[in-house]
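# Fold and geometry: a report
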Amino acid sequence: MHEWALAEAVVAAAVKAAKREHLDTITAIHVKLGELQQIEHEILEFALKEILAQEEPLLRSARIEFQLEKASFKCRNCQKEWTFDDADLSPEEAESIHFIPEIAHVYMRCIACSSPDFEVIHGRGIWLVSLQGVRSDGPKT
Amino acid sequence: MDPRPEIIARRLAKIKTIIAVAGGKGGVGKSTVATILALILREQFHRVGLLDLDFYGPSAHVILWIPGGAQPREEKGIIPPEVHGLQFMSLVYYSGGRPSPLRGPDVSNAFIELLAITRWDDLDFLIVDMPPGLGDTTLDAIRWLTKARFLVVSTPSRVSLETVKKLLALLTELGAPIIGIIENMRRDGDPLSQDHLGAFKVPLLGGLPFDPELERSLGNPGQLMGTALAQALNRIVLEAKIE
């Protein structure tokens, strides 16, 4: 499961941010998952919990909150906007996008003018939105 | 906060030496040099990976030839398959050889994603086949491949040398280590690159002959290693002690 690699990245980023903010404990991690990457949030949550339990006392009791963000696209050629639901992808194409979301530009086209020159406006991939934690001089978010 | 960059250093931690083969200009033989360099190091019993970062025109897989069915394995990330003794990673596994029309931010995103999720084995060398140009991938490589040293490929053409000067100036300005310059496609009577590039105080490691037989050896690593180019590159590797 390639979600494990992303979970490790989230933990590394959370630890770095916690140290920067002098947090003694992290109580919650808020992660945004972009629809385009099609991350299985149950798998990611499992991986996060496993990694936290094994490796990081700082985050061991952290609550993990997920926010799913719908993917949307805008054509640079004709300005048409569309969503991932409109994309007509084979399972193999969708899987390739799952690993590298930019592969969307290989397999997806503007639904109006067929241009590959489009922008992913929302919902590309994984994002660490916020941390909630406690430090010796009081709560810190 | 984008969490992916925070894991890149750990992904590269088990790699002793990273060599980025760059040239600034297209068509000077970067991919050929990178691929044959990887094969030479493999023949010396090193553990070697090859990473094709030319997203627009990946070609290491053509030079090397990937057997059917070779695909990265999904295991706590993605593990590049072993191809002809090299751990080989490229976007072509996912693009299927179709065009990848990516703009700058997309290139950087794909670069970071690839580095964040790829789990390399313990390697002595990772050879990186860089794209032409001084744009996103070059800047990203300098930023994220912090252990990388650059091997610069040029041809004797003044057109190539002018671009190489810009690449050397950029690498020097940003403090990126440069192993040296390899002059590819040399023919008798060509002026020496040293005359043009001497000001940079970068070693000219040697020349590789223009080899008309090379084309017929593409896709056949055994034949590639027998070419005059591979033999000349092997001498450079030994003499320059690229390690």
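Parameters at a glance
Residues numbered from 1 in each chain as written. Chains lettered and ligands numbered in written order. Predicted model: local features only at pLDDT ≥ 70, side-chain atom pairs only at ≥ 80, totals over all residues. Heavy atoms only, no water. UniProt positions renumbered as here; feature names shortened; annotations may be inferred. Contact = heavy atoms within 4.5 Å. Buried area = accessible area lost by both parts, 1.4 Å probe. Salt bridge = Lys/Arg side-chain N within 4 Å of Asp/Glu carboxyl O. Axes fitted to C-alpha atoms, helices over the stretch in contact; angles between N-to-C directions. Helix = DSSP H or I, 4+ residues; strand = E, 2+ residues; numbered from the N terminus. Parallel < 35°, antiparallel > 145°, perpendicular 65-115°, else oblique. Left-handed = near helix turned anticlockwise from the far one by under 90°. Nonpolar A, V, L, I, M, F, W, Y, C, P; charged D, E, K, R; others polar. Buried < 20%, exposed > 50% of the residue type's maximum accessible area, 1.4 Å probe, protein only.

If you look chain B up in an unreviewed UniProt entry, it shows as ATP-binding protein from Fraserbacteria sp..

Chain A appears in an unreviewed UniProt entry as Hydrogenase maturation factor HypA from Fraserbacteria sp.. We quote the UniProt Function (unreviewed entry) comment for chain A here in full: "Involved in the maturation of [NiFe] hydrogenases. Required for nickel insertion into the metal center of the hydrogenase." According to UniProt, the comment filed for chain A under the heading Sequence similarities (unreviewed entry) is "Belongs to the HypA/HybF family."

## Brief notes about the interface of chain B and chain A
Taken together, the contacts link 31 residues of chain B with 33 residues of chain A. Roughly 2900 Å² is buried in total at the junction of chain B and chain A, and carbon and sulfur atoms are behind 60% of that figure. The tally of links between chain B and chain A comes to 6 salt bridges. One salt bridge connects Arg124(A) with Glu113(B), and the closest N-O pair in it is separated by 2.8 Å.

## Concerning the packing of helix H1 (residues 3-20) of chain A against helix H2 (residues 41-55) of chain A
All names here are of chain A. In the contact formed by H1 and H2, the axes pass within 9 Å of each other and the chain directions differ by 55 degrees. Comparing the axis directions of H1 and H2 gives the class oblique. In the crossing of H1 with H2, the sense of the turn from one axis to the other is right-handed. Contact residues: H1 offers Glu-3, Trp-4, Leu-6, Ala-7, Glu-8, Val-10 and Val-11, while H2 offers Ile-43, Leu-44, Ala-47, Leu-48, Glu-50, Ile-51 and Leu-52. Here the contact of H1 with H2 is built from residues that sort into 11 nonpolar, no polar and 3 charged.

## With respect to the UniProt feature "binding site: Ni(2+)" (unreviewed entry) in chain A
Taking the UniProt record as the reference, the feature "binding site: Ni(2+)" (unreviewed entry) is found at His2(A). In this structure, His2(A) sits in the segment before H1. On the basis of relative accessibility, which here comes to 0%, the residue His2(A) falls in the buried class. What His2(A) contacts, discounting residues up to four positions off in sequence, is Gln37(A), His98(A), Phe99(A), Glu74(B), Gly77(B) and Ile117(B).

## Considerations on the UniProt feature "binding site: Zn(2+)" (unreviewed entry) in chain A
All names here are of chain A. In this numbering, the UniProt entry assigns the feature "binding site: Zn(2+)" (unreviewed entry) to Cys-75, Cys-78, Cys-110 and Cys-113. For this annotated set, covering 39 residues, all C-alpha atoms fall within 8.5 Å of each other, a compact arrangement in space. Structurally, the position occupied by Cys-75 is in strand E3 (residues 72-75). Accessibility expressed as a relative area gives 1% for Cys-75, which makes it buried. Ignoring anything within four residues of it in the chain, the contact list for Cys-75 reads Lys-80, Trp-82, Cys-110, Cys-113, Ser-115, Asp-117 and Phe-118. Summarising the element assignment, Cys-113 is placed in the loop between helix H4 (104-107) and strand E5 (118-122). Leaving out residues up to four positions away in the same chain, Cys-113 has contacts with Cys-75, Asn-77 and Cys-78.

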